[in-house]
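Chain by chain, the residues:
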Amino acid sequence: MPLALLALAVGAFGLGTTEFVMMGLLPDVADDLHISIPAAGHLVSAYALGVVIGAPLLAALTARLPRRRVLISLMALFVAGNALSALAPGYDSLLAARFLSGLPHGAFFGVGAVVATGLVAPERKARSVSLMFMGLTVANLAGVPVATLMGQHLGWRATFLGVSLIGVAAMAAVFFLIQPTHAPAPAAGLRGELAALRSLPVWLALATTVVGFGALFSAYSYVTPMLTDAAGYAASDVTLLLALFGVGATIGNLVGGRLADHAMRGTLFGGLASMVAVLLLFPVLMRTEWSAALAVVLLGIAAFVTGSPLQLMVMERASAGPSLASSANQAAFNLANAGGAWIGGVALAAGFGVTSPAVAGAALAVLGLGVASVAYAVDRGRHATSTGHVRVVASHVPEPARTVHS
């Protein structure tokens, strides 16, 4: 695999760290700014809103620019947003800075995935995407815990300054490791990128991402009360257990990338089916400490096996203009985050028990299998139609005139 993929992984590591570290810093930020915990929670939502808006918007605005320049510019915006977060004098300015930090997130992953697949042979495309995504999973494994500890001992502002430095390192890595010839300007331009989004298979692929990853966030958003109230863990143990989720996510991401290069659709179906099984087992696995820890690891593996095939499926369905669709898929991941958490919360509020969000997630994963099946049927129908058209045309080609010999 090319060393240039390391540059994309460094950027993904910074983005993943700043996205999730706020959850661990909420009490510190709330105390320092004299706000409530729910108000501090809006800082998480502000980042997610920035991702959803920024992913398609920035991808569209930069559709005619060389992708290497786009990646550097997006990381520069990321650095500015985190620096402003560290220097924010109050809650409103921090809220705006968090929104700004989220704007480049989806576009970087979207454009980066297109660049990553262009660096390798066709049979290694999924693995290249998984290696870029590994920066995100390692951020959950190491970046977020370290940044949280840093914020608790040096102040939350120091955390965002540290993340800004990661962004600077990513800019340097992109500049030195990705050659301009590896990331040229898209040939399609904005019109071609927008035309690719009119395709039904693209929207079915995006819908699979929303529903499939919504299954993950339905359970993961409420994994802390499951671990403490059902499995009996102390609150102080949860950080280590969430690191185990990062271990599972890293394993699933790498395995999914390798498998998807051999059978993309099979890997996607297998990952979604695995999520159904794991989430249905959650109420049983959460009865003891050791099985609860196993459940967290298995959830990370099953969920992130689907990450690379979902990203690659969207890009292939929008092959004429993949950057915008690829970035839109990152917005879909964040919609899955919000929607899955809401559905899990509905199950919890209805009084179905502390592990009910996992069962709701299993239902979403089944729905994801349904959407993926519809997408598969549409793809097969289109392929059969195009093949039949070719055969009909071929059958009407006149035979060469025969020479008659007397």
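Below or above, wherever it landed, is the structure these notes cover. (Residues numbered from 1 in each chain as written. Predicted model: local features only at pLDDT ≥ 70, side-chain atom pairs only at ≥ 80, totals over all residues. Heavy atoms only, no water.)

### Considerations on unusual backbone geometry
Despite not being glycine, histidine 34 shows a phi value in the positive range, around 60°. Inspection of the secondary structure puts histidine 34 in the loop between α1 (4-33) and α2 (37-61). Classification of histidine 34 as exposed rests on a relative accessible area of 72%. (Helix = DSSP H or I, 4+ residues; strand = E, 2+ residues; numbered from the N terminus. Buried < 20%, exposed > 50% of the residue type's maximum accessible area, 1.4 Å probe, protein only.)

### Quick look at the environment of valine 346
By secondary structure assignment, the location of valine 346 is in helix α14 (residues 322-349). Distance in space between the C-alpha atoms of valine 346 and leucine 61 is 37 Å, their sequence separation being 285 residues.

### Comments concerning helix α5 (residues 125-154)
Taking 1.5 Å of rise per residue, 30 residues should cover 44 Å, and α5 covers 41 Å from first to last C-alpha, within 8% of that figure. At alanine 139, α5 shows its maximal bend, which comes to roughly 55°. At the exit of α5 stands glycine 155, carrying a positive phi of roughly 100°. (Expected span 1.5 Å × (residues − 1). Bend = angle between axes of the 7 residues up to and from the residue.)

### Some points on helix α9 (residues 223-230)
Inspection of α9 places Val223, Met226 and Leu227 among the buried residues, and these make up the whole buried set. Down the axis of α9, the sector holding all buried residues measures 95°, keeping them to one side. Glycine 232 sits one or two positions beyond α9 and adopts a positive phi of about 90°. (Arc of directions from axis to C-beta.)

### Digging into a nonpolar patch on the surface
Taken together, the side chains of Leu141, Val247, Ile251, Val255 and Leu259 present a nonpolar region at the surface, about 350 Å² in accessible area. When residues of the nonpolar patch are assigned to their parent elements, the largest contribution, four residues, is made by helix α10 (residues 238-260). Mapped onto the fold, valine 247 is located in helix α10. (Patch = residues over 30% accessible without salt bridge, like charges linked within 9 Å, V, L, I, M, F, W, Y side chains within 5 Å. Areas by Shrake-Rupley, 256 points an atom, 1.4 Å probe, with all protein chains shown as cover. Salt bridge = Lys/Arg side-chain N within 4 Å of Asp/Glu carboxyl O.)

### Topic: the packing of aromatic side chains
Under the defined criterion, the tally for this structure stands at nine aromatic pairs. Seen from their ring centres, phenylalanine 108 and phenylalanine 109 are 6.5 Å apart, and the 85° between their planes marks the pair as edge-to-face. By relative accessible area, which is 0% here, phenylalanine 108 ends up buried. Looking at phenylalanine 109, the relative accessible area reads 0%, which means it is buried. With a centroid separation of 4.7 Å and 85° between ring planes, the pair formed by phenylalanine 213 and phenylalanine 333 is classed as edge-to-face. Here phenylalanine 213 is found in helix α8 (residues 200-220), whereas its partner phenylalanine 333 is found in helix α14, with 120 residues between them in sequence. Judged by relative accessible area, which is 4%, phenylalanine 213 ranks as buried. A relative accessible area of 12% means that phenylalanine 333 is categorised as buried. (Phe/Tyr/Trp six-rings, centres within 6.5 Å; stacked < 30°, edge-to-face > 60°.)

### Some remarks on the packing of helix α11 (residues 264-285) against helix α13 (residues 307-317)
With their axes 9 Å apart at the nearest point, α11 and α13 run at an angle of 135° to one another. Between α11 and α13, the interaxial angle falls into the category oblique. Crossing of α11 over α13 shows left-handed handedness. Of the residues in α13, those in contact with Met264, Arg265, Thr267 and Leu268 of α11 are Pro309, Leu310, Leu312, Met313, Glu316 and Arg317. (Axes fitted to C-alpha atoms, helices over the stretch in contact; angles between N-to-C directions. Parallel < 35°, antiparallel > 145°, perpendicular 65-115°, else oblique. Left-handed = near helix turned anticlockwise from the far one by under 90°. Contact = heavy atoms within 4.5 Å.)

### Focus: empty space enclosed by the protein
In the structure shown here, the tally under the stated rule is two cavities of 30 Å³ or more. When its volume is computed, the largest cavity comes out at roughly 310 Å³. Lining the largest cavity are 18 residues, with Leu136, Phe213, Phe217, Phe304 and Phe333 positioned closest to its centre. When contributions to the lining of the largest cavity are tallied by element, the ones reaching two or more residues are α1, α5, α8 and α14. (1 Å grid on protein atoms, 1.4 Å probe; cavity = no way out; pocket = protein on both sides within 12 Å on 5 of 7 lines; lining within 4 Å. Points joined across faces, edges and corners; volume = space filled by probe spheres on them.)

### Side note on the nonpolar core
A general feature of soluble globular proteins is that nonpolar side chains tend to end up buried together. Ranked by size, the top nonpolar core spans 59 residues in total, and within it Phe213, Leu216, Leu227, Met275, Phe282, Met286 and Leu299 carry the most contacts. Put simply, the parts of the chain that give this core at least two residues each are α8, α9, α10, α11, α12 (289-305), α13, α14 and α15 (356-395). The dominant element in this core, judged by the number of residues it contributes, is α8, at 10 residues. Ignoring any residue separated from it by four or fewer positions in sequence, one finds phenylalanine 213 in contact with Thr208, Ala303, Phe304, Thr306, Gly307, Leu310, Phe333 and Ala336. Counting 39 residues, the second largest nonpolar core, distinct from the first, contains Tyr47, Met75, Ala116 and Leu136. (Core = buried A, V, L, I, M, F, W, Y, C linked by side-chain atoms within 4.5 Å.)

### Structural notes on the layout of surface pockets
Its boundaries defined by the atoms lining it, the largest pocket holds a volume of some 1,000 Å³. Lining the largest pocket are 33 residues, and of these Phe20, Met23, Gly24, Tyr220 and Leu242 sit closest to its centre. Mapped by element, the contributors of at least two residues to the lining of the largest pocket are α1, α2, α5, α8, α9, α10 and α14. A breakdown of the residues in the lining of the largest pocket according to their chemical character gives 21 nonpolar, 11 polar and one charged. (Nonpolar A, V, L, I, M, F, W, Y, C, P; charged D, E, K, R; others polar.)

### Structural notes on the packing of helix α3 (residues 67-87) against helix α6 (residues 156-177)
The geometry of α3 relative to α6 is characterised by a closest axis approach of 8 Å and an angle of 165° between their N-to-C directions. Between α3 and α6, the crossing angle belongs to the class labelled roughly antiparallel. Like other packed secondary-structure pairs, α3 and α6 cross with a definite hand, here left-handed. The residues of α6 that touch α3, namely those facing Arg68, Leu71, Ile72, Met75, Ala76, Phe78, Val79, Asn82, Ala83, Ser85, Ala86 and Leu87, are Trp156, Arg157, Phe160, Leu161, Val163, Ser164, Gly167, Val168, Ala170, Met171, Val174 and Phe175. Among the residues making up the contact of α3 with α6, the classes are represented as 18 nonpolar, four polar and two charged.

### A word on the environment of alanine 263
Take alanine 263: it is sitting in the loop between α10 and α11. With 46 residues separating them in the primary sequence, alanine 263 and proline 309 have C-alpha atoms 9.1 Å apart.

### Considering the side chain of serine 130
Here serine 130 shows up in helix α5. Each residue touching serine 130, except ones within four places of it in the same chain, is listed here: Asn253, Gly257 and Ser308.

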